[in-house]
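Here are the chains, one letter per residue:
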Amino acid sequence: IPLMNTSDSEEEFYNERTALVSSESPTMATYTQDSQLPGPADTETKEGASSRLARGTAEREPAVESEDEELTLKYGAKHVIMLFVPVTLCMVVVVATIKSVSFYTEKNGQQLIYTPFTEDTPSVGQRLLNSVLNTIIMISVIVVMTIFLVVLYKYRCYKFIHGWLILSSLMLLFWFSFMYLGEVFKTYNVAMDYPTLVMIIWNFGAVGMICIHWKGPLQLQQAYLIVISALMALVFIKYLPEWSAWVILGAISVYDLIAVLSPKGPLRMLVETAQERNEPIFPALIYSSAMIWMVGMAQTSSPEPRDQETGQQATLIMRGIEGLGFPSAGGVKLGLGDFIFYSVLVGKAAATGGDWNTTLACFVAILIGLCLTLLLLAIFKKALPALPISITFGLVFYFSTDNLVRPFMDSLAAHQFYI
Amino acid sequence: MNLERVPNEEKLNLCRKYYLGGFAFLPFLWLVNVVWFFREAFVKPPYTEQQHIKTYVKRSALGLLLWVAALTTWITIFQHFRAQWGEVADYLSFTIPLGIP
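Remember, predicted model here, so these are calculated numbers, not experimental data.

## Points about the overall build of chain A
- Of the regular secondary structure elements, chain A holds ten helices and five strands.
- Buried positions account for 58% of the 419 residues belonging to chain A.
- The long-range share in chain A, meaning contacts at least 24 apart out of those at least 6 apart in sequence, stands at 76%.
- Accessible surface for chain A amounts to roughly 16,200 Å². Of this, 67% is attributable to carbon and sulfur atoms.

Here is the structure:
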């Protein structure tokens, strides 16, 4: 389901999907800051997503294997932490904006063309029906785009994909940030003149394009990816109608699950094609927690660090895919779509949920989900969808907190009863 | 991108490109250049290309300072005189605050 729409207008949106993918390469501790991984030796295999722990090789000592396991888990744990920070940052930015800039919570009737059915209907049933219909349309758009992308990738139309991605990041970096700045200035009643504004937007956008699509410092690239995810999430929060947003979140998690895990799923096909071709990934849609080395798939003992730009990873996925995260020699990767949908969930909880309890509950839920997903990633070492677990937990926590915990806390406070 | 693993020539090349790019009204690019290559230029033990990298970093810093000065001046002038300029100021304004200045 990775999906990338470039669009030049505000109505179309830039959508990304995610999955977590595990790479072949986790053995190579070519990155100096990594935890000590044991030598690669025999474990690289060219085909499939076989576990690094060389379950196939008979000659390994059980002791060495369990040591490997331990190191893998520690390595995994370290990268869980490394992903917590950006996900948290993204959510913090979104929640802060939602709470302060009222623009993003105002519904003035404008909707995306992908969600044509309005929710302004007299009856509950009608509203529910409309939101389900909106979801169906949205998901089918996403499916179509994903399949289109897979086809493009299979037939090696790299230029097209590249151009598409550049256009969409251009739109995000310039247009959406322009809108965002305008709203922030209006909220804080600050005078801003055009020359200064043009300088700000031009600098922000141009350096962003350079960092993301070319070469730049890793932290700056990570920061930009977080910012554009937050911007995208804010656009979603503003333009998706209430109930549709929740149904879409649920549906997208299910779709993610199917697309990544089922044998005919587009994402999985994409992963496998990328693995077969042993190609580097375009950096722009994947957040990588560390500098990656391109590790040869067929390497045995010493992988050659042919380094490429940040985010290029030996095994996987091409960039159009949102949300393929995978542990690489240098770190874990998580697709930007994951960031976006997590932030949409927390942002909506902040916008409509009433008070901070709900928001915090959702935030914690998502982090727990992310933890579990990464744990599964360390265990299974194959492509995993990052959305389902987190979004499920998030939705459960949101609805239960909103409807159960909040009235409970309110009446406790009303009766001055402290527990 | 991690500078550790990059050969020195490429570092020089990158620094140079960032320096040249900054001339396109991009002081932010110069700032990134200075921050990113500061350690390379001044802290690390000398190597062949380091001299050139130093020049680029210094020039980027200079350009950055000039831009910051220019922008600060303009912003101060604008904010101070905005109300007095009347129509011209409105034309230049992206957002106009509400209330009495």
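## Comments concerning the overall build of chain B
- Within chain B one finds four helices and one strand.
- What you see for chain B is a C-alpha radius of gyration of 19 Å, clearly larger than the 13 Å of a compact globule of 101 residues, by over 25%.
- Seen along its three principal axes, the alpha-carbon backbone of chain B occupies a region of about 60 × 20 × 20 Å.
- The burial tally for chain B puts 38% of its 101 residues in the buried class.
- A total accessible area of about 6,200 Å² is found for chain B, and carbon and sulfur atoms account for 66% of it.
- Side-chain charges in chain B split into 10 positive and 7 negative, and the spacing between the mean points of these groups amounts to 8 Å.

## Details of unusual backbone geometry
- Phi at Asn189 of chain A is positive, roughly 55°, even though this residue is not glycine.
- Of note, Asn189 of chain A is situated in the loop between α3 (158-187) and β2 (192-193).

## What to know about the interface of chain B and chain A
- On the side of chain A, 33 residues touch chain B, which itself brings 30 residues to the contact.
- For the pair chain B and chain A, the two sides together bury roughly 2,800 Å², of which 67% comes from carbon and sulfur.
- Among the residues of chain B in contact with chain A, Met1, Arg5 and Phe94 of chain B are the three that bury the most area, contributing 30% of the side total.
- One can count zero salt bridges joining chain B with chain A.
- At seven residues, the largest contribution of residues to the side of chain B that touches chain A is made by helix α3 (residues 50-85) of chain B.
- When grouped by side-chain class, the residues that make up the side of chain B that touches chain A number 22 nonpolar, four polar and four charged.

## Let's talk about the pattern of salt bridges
Residue and element names in this part refer to chain A.
- Inspection of the entire model under this criterion finds four salt bridges over all chains.
- One salt bridge in this structure joins Glu183 and Lys186, with 3.6 Å as the shortest N-O distance. Linking Glu183 with Lys186, this pair stays in helix α3, spanning three residues, or about one helical turn.
- Looking at Glu183, the relative accessible area reads 14%, which means it is buried.
- Assessed through its relative accessible area of 53%, Lys186 is described here as exposed.
- A salt bridge links Arg268 to Glu272; the nearest nitrogen and oxygen atoms lie 3.2 Å apart.

## A look at the confidence of the model for chain B
All names here are of chain B.
- For chain B, the mean per-residue pLDDT works out to 88, and 98% of the residues sit at or above 70.
- Averaged over each element, pLDDT in chain B is lowest for helix α4 (residues 87-92) (76) and highest for helix α2 (residues 27-43) (92).
- Confidence estimates for the predicted assembly give a pTM of 0.76 and an ipTM of 0.92.

## Topic: the UniProt feature "transmembrane region" (unreviewed entry) in chain B
Residue and element names in this part refer to chain B.
- UniProt records the feature "transmembrane region" (unreviewed entry) for residues 20-39 and 60-81 in the present numbering.
- Note that residues 20-39 is 75% helix and 0% strand, and that its end C-alpha atoms are spaced 20 Å apart.
- Split by type, residues 60-81 is 100% helix and 0% strand. Its first and last C-alpha atoms lie 31 Å apart.

## Some details on the state of the cysteines
Residue and element names in this part refer to chain A.
- All told, the structure shown has zero disulfides over all chains when counted by the stated rule.
- Cys371 takes part in no disulfide bond, and the closest cysteine sulfur, belonging to Cys362, lies 17 Å away.
- Taking the relative accessible area as the measure of exposure, Cys371 reaches 31% and is therefore partly exposed.

## Observations regarding the packing of α3 of chain A against helix α5 (residues 218-239) of chain A
Residues and elements named next belong to chain A.
- Put simply, α3 and α5 touch, their axes get as near as 10 Å, and they point 60° apart. The orientation of α3 relative to α5 falls into the category oblique. For α3 against α5, the interelement crossing comes out left-handed. Side by side, α3 and α5 meet where Leu172, Leu173, Phe176, Ser177 and Tyr180 of the first sit next to Tyr224, Ile228, Leu231, Met232, Leu234 and Val235 of the second.
- Residues belonging to the contact of α3 with α5 are distributed by class as follows: ten nonpolar, one polar and no charged.

Conventions used here
- Residues numbered from 1 in each chain as written.
- Chains lettered and ligands numbered in written order.
- Predicted model: local features only at pLDDT ≥ 70, side-chain atom pairs only at ≥ 80, totals over all residues.
- Heavy atoms only, no water.
- Helix = DSSP H or I, 4+ residues; strand = E, 2+ residues; numbered from the N terminus.
- Buried < 20%, exposed > 50% of the residue type's maximum accessible area, 1.4 Å probe, protein only.
- Contact = heavy atoms within 4.5 Å.
- Areas by Shrake-Rupley, 256 points an atom, 1.4 Å probe, with all protein chains shown as cover.
- Rg over C-alpha atoms; globule rule 2.2 N^0.38 Å.
- Lys, Arg positive; Asp, Glu negative; His and termini not counted.
- Charge placed at Lys NZ, Arg CZ, Asp CG, Glu CD.
- Buried area = accessible area lost by both parts, 1.4 Å probe.
- Salt bridge = Lys/Arg side-chain N within 4 Å of Asp/Glu carboxyl O.
- Nonpolar A, V, L, I, M, F, W, Y, C, P; charged D, E, K, R; others polar.
- pLDDT = per-residue confidence, 0-100.
- UniProt positions renumbered as here; feature names shortened; annotations may be inferred.
- Disulfide = S-S within 2.5 Å.
- Axes fitted to C-alpha atoms, helices over the stretch in contact; angles between N-to-C directions.
- Parallel < 35°, antiparallel > 145°, perpendicular 65-115°, else oblique.
- Left-handed = near helix turned anticlockwise from the far one by under 90°.

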